[in-house]
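Breakdown of the fold
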There are 2 protein chains.
Amino acid sequence: MPKAQRMAQMLTVAEEIFAEQGYLATSMDEIAERVGVSKPMLYEYFGSKEGLLIGCIHRARTELREKTAAAIAGATSPEEFLRLGLLAFFEFIDEHRRSWALLRQEAAVAVPSAQEEVEGIRQQQTDMIGAVLASFSPDIDPLEAEAFAEIVVGATERLAVWTERRPKVGPALATEYVMAVIWPGVADRLKKLPAPAPHAWR
Amino acid sequence: MPKAQRMAQMLTVAEEIFAEQGYLATSMDEIAERVGVSKPMLYEYFGSKEGLLIGCIHRARTELREKTAAAIAGATSPEEFLRLGLLAFFEFIDEHRRSWALLRQEAAVAVPSAQEEVEGIRQQQTDMIGAVLASFSPDIDPLEAEAFAEIVVGATERLAVWTERRPKVGPALATEYVMAVIWPGVADRLKKLPAPAPHAWR
DNA sequence: GCTCGTAACTTACTTCGAGTAACCTACTGC
DNA sequence: GCAGTAGGTTACTCGAAGTAAGTTACGAGC
């Protein structure tokens, strides 16, 4: 089997087993066996167990970025922008329930560089939010914009984990919940800056 | 040295080394050596490496619960309640910078029971928020209340991680950021429902 | 002042899994 | 038909989790 194809297969199998049993409880021998190949092949292509995990995360990250970018492409207001971005995120999670737990939870643990990959996902998200804030309200304090973006990402991520325990809450409702809590506050801040709002500073 | 004292010492050392190097990169021999005791003693008192980690998390959780409970004791409005709770949380993080990363990130380890301990911390937080919402607005949809609580906890946790990279953002400012984003949305929801007579409930 | 019981501790293993060295084989281009 | 290489394997090393069995410190009861 050609290299690229074999690598993709390995990632798929690894993601599945990691999600099933957890990163620590999974041995490279086991993954190799389920792929139908010997352990050194995994090392040939991914260098280490950690490398394999990072490969999984990286692939998910790429897919998430593409979906989000496509989703927000047509947005015309900050509210629409946020709503579409959140929806894309929750839909992604919904489609990847199993691997999501892995990527979000396991990766943190394991290894500093896997940690970086996960941070990369968050960076995508915060960058996106930061871009909304900055584009619609260029004078916002950069530190505050960053904090807002982190808050939105944190809220969203946490709610994504929560929806796993509440299967009846689908992507649309999850999006509404997040918007209901954060949008008034974000809108408030956006209004205040460009044209000083009626009620100035609390 | 008596058992209780030795256990406390072990937890302190373990927390420190885990935070320094990460859970995986730390060996039990290393912890034992730094405690000044042999490895089987660690197993005698904590059963496993995982057990030791859980011990660390559990201790932190207890401390956080006590501090938060003390902080919110005198609150009279939902806003004050939230603000004091958040402040207590950020102050706790500020005092435990080293071990914080460990407890939140590392603990997500494949080991389910460590994961549960960390979820226990979050449960404390969401319960607290849920209690505010329910006490000030008893007719709120329980599912929505739960979602709101998760959102607030997620936002807070994420901002706590962020402040580690922004040392100039202290607990007070972090609290303000979170309140600025979430309070308008939460207040909005509380207002929408039939206002309870202040004294008539419970 | 001895000895019994137990709490606190150690040495010396076993076991398991990550990572590696060295070797094999089938196909492709020439 | 031979050389080079992509794709693969077997059989190891080594480090760290976990354990079995034994050792010392010491207070209580006689």
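Residues numbered from 1 in each chain as written. Chains lettered and ligands numbered in written order. Predicted model: local features only at pLDDT ≥ 70, side-chain atom pairs only at ≥ 80, totals over all residues. Heavy atoms only, no water.

This part is about the overall build of chain A. In terms of helices and strands, chain A carries nine helices and zero strands. Scored against the burial criterion, the 202 residues of chain A give a buried share of 54%. The contacts in chain A between residues at least 6 apart in sequence include a share of 69% that link residues at least 24 apart. As displayed, chain A offers around 9,000 Å² of accessible surface, 57% of which is attributable to carbon and sulfur atoms. (Helix = DSSP H or I, 4+ residues; strand = E, 2+ residues; numbered from the N terminus. Buried < 20%, exposed > 50% of the residue type's maximum accessible area, 1.4 Å probe, protein only. Contact = heavy atoms within 4.5 Å. Areas by Shrake-Rupley, 256 points an atom, 1.4 Å probe, with all protein chains shown as cover.)

Attention now goes to the pattern of salt bridges. Following the criterion strictly, the structure yields 26 salt bridges over all chains and no others. B:Glu157 serves as the salt-bridge partner of B:Arg122, at 2.8 Å between the closest nitrogen and oxygen. Of this pair, B:Arg122 sits in helix 7 (residues 112-136) while B:Glu157 sits in helix 8 (residues 142-165), placing them 35 residues apart in sequence. Exposure class is identical for B:Arg122 and B:Glu157. Each is buried. Where salt bridges share partners, they join A:Arg158, A:Arg165, B:Glu119, B:Arg122, B:Glu150 and B:Glu157 into one cluster. (Salt bridge = Lys/Arg side-chain N within 4 Å of Asp/Glu carboxyl O.)

Glancing now at the protein's contact with DNA strand D. Neighbouring residues of DNA strand D: 17 residues in total, closest A:Arg6, A:Ser38, B:Met28, B:Lys39 and B:Tyr43. Near the protein, within 4 Å, the atoms of DNA strand D are sugar or phosphate in 55% of cases. A:Ser38 places a side-chain nitrogen or oxygen 2.7 Å from a phosphate oxygen of DNA strand D. The set of elements that each furnish at least two residues to the surface near DNA strand D consists of helix 1 (3-21) and helix 3 (39-46) of chain A together with helix 3 (39-46) of chain B. (Near = heavy atom within 4 Å. Polar contact = N/O pair within 3.5 Å; in protein donor to acceptor, adjacent residues only side chain to side chain.)

Once that is clear, we can look at the UniProt feature "DNA-binding region" (unreviewed entry) in chain A. Under the local residue numbering, the UniProt record ascribes the feature "DNA-binding region" (unreviewed entry) to residues 27-46 of chain A. In residues 27-46 of chain A, the share of helix is 80% and the share of strand is 0%. The end C-alpha atoms are 14 Å apart. (UniProt positions renumbered as here; feature names shortened; annotations may be inferred.)

It is worth spelling out the protein's contact with DNA strand C at this point. The environment of DNA strand C is formed by 17 residues, the closest being A:Met28, A:Lys39, A:Tyr43, B:Arg6 and B:Ser38. Of all atoms in DNA strand C that approach within 4 Å of the protein, 56% are sugar or phosphate atoms. Within the side chain of B:Arg6, a nitrogen or oxygen atom sits 2.7 Å from a phosphate oxygen of DNA strand C. When its residues are assigned to classes, the surface near DNA strand C shows nine nonpolar, four polar and four charged. (Nonpolar A, V, L, I, M, F, W, Y, C, P; charged D, E, K, R; others polar.)

Further remarks concern the packing of aromatic side chains. Residues and elements named next belong to chain A. Within this structure, the stated rule accounts for six aromatic pairs over all chains. Taking 5.9 Å as the distance between ring centres and 70° as the angle between the ring planes, the aromatic pair formed by Phe 89 and Phe 90 counts as edge-to-face. The ring of Tyr 23 carries Lys 49 above its face, with NZ or CZ at 4.6 Å from the centroid. (Phe/Tyr/Trp six-rings, centres within 6.5 Å; stacked < 30°, edge-to-face > 60°. Lys NZ or Arg CZ within 6 Å of the ring centre and 35° of its normal.)

Residues and elements named next belong to chain B. One can describe the packing of helix 1 (residues 3-21) onto helix 2 (residues 28-35) by two numbers: an axis separation of 9 Å at closest approach and a directional angle of 125°. Classified by the angle between their axes, helix 1 and helix 2 sit oblique to one another. The two elements helix 1 and helix 2 meet at a crossing, and its hand is right-handed. Residues Arg 6, Gln 9, Met 10, Val 13, Ala 14, Glu 16, Ile 17, Phe 18, Glu 20 and Gln 21 of helix 1 form the contact with helix 2, whose own contacting residues are Glu 30, Ile 31, Arg 34 and Val 35. Each residue belonging to the contact of helix 1 with helix 2 can be placed in one class, and the counts come to seven nonpolar, two polar and five charged. (Axes fitted to C-alpha atoms, helices over the stretch in contact; angles between N-to-C directions. Parallel < 35°, antiparallel > 145°, perpendicular 65-115°, else oblique. Left-handed = near helix turned anticlockwise from the far one by under 90°.)

Attention shifts here to helix 2 of chain B. Residues and elements named next belong to chain B. By the burial criterion, the buried members of helix 2 are Met 28, Ile 31, Ala 32 and Val 35. Burial along helix 2 is one-sided: seen end-on, the buried residues are contained in an arc of 100°. In this fold, the buried residues of helix 2 make contact with helix 1, helix 3 and helix 4 (49-72). (Arc of directions from axis to C-beta.)

In this section: the UniProt feature "domain: HTH tetR-type" (unreviewed entry) in chain A. Taken from the UniProt record, the annotation "domain: HTH tetR-type" (unreviewed entry) applies to residues 4-64 of chain A. The span residues 4-64 of chain A is 82% helical and 0% strand by assignment, and the distance between its end C-alpha atoms comes to 21 Å.

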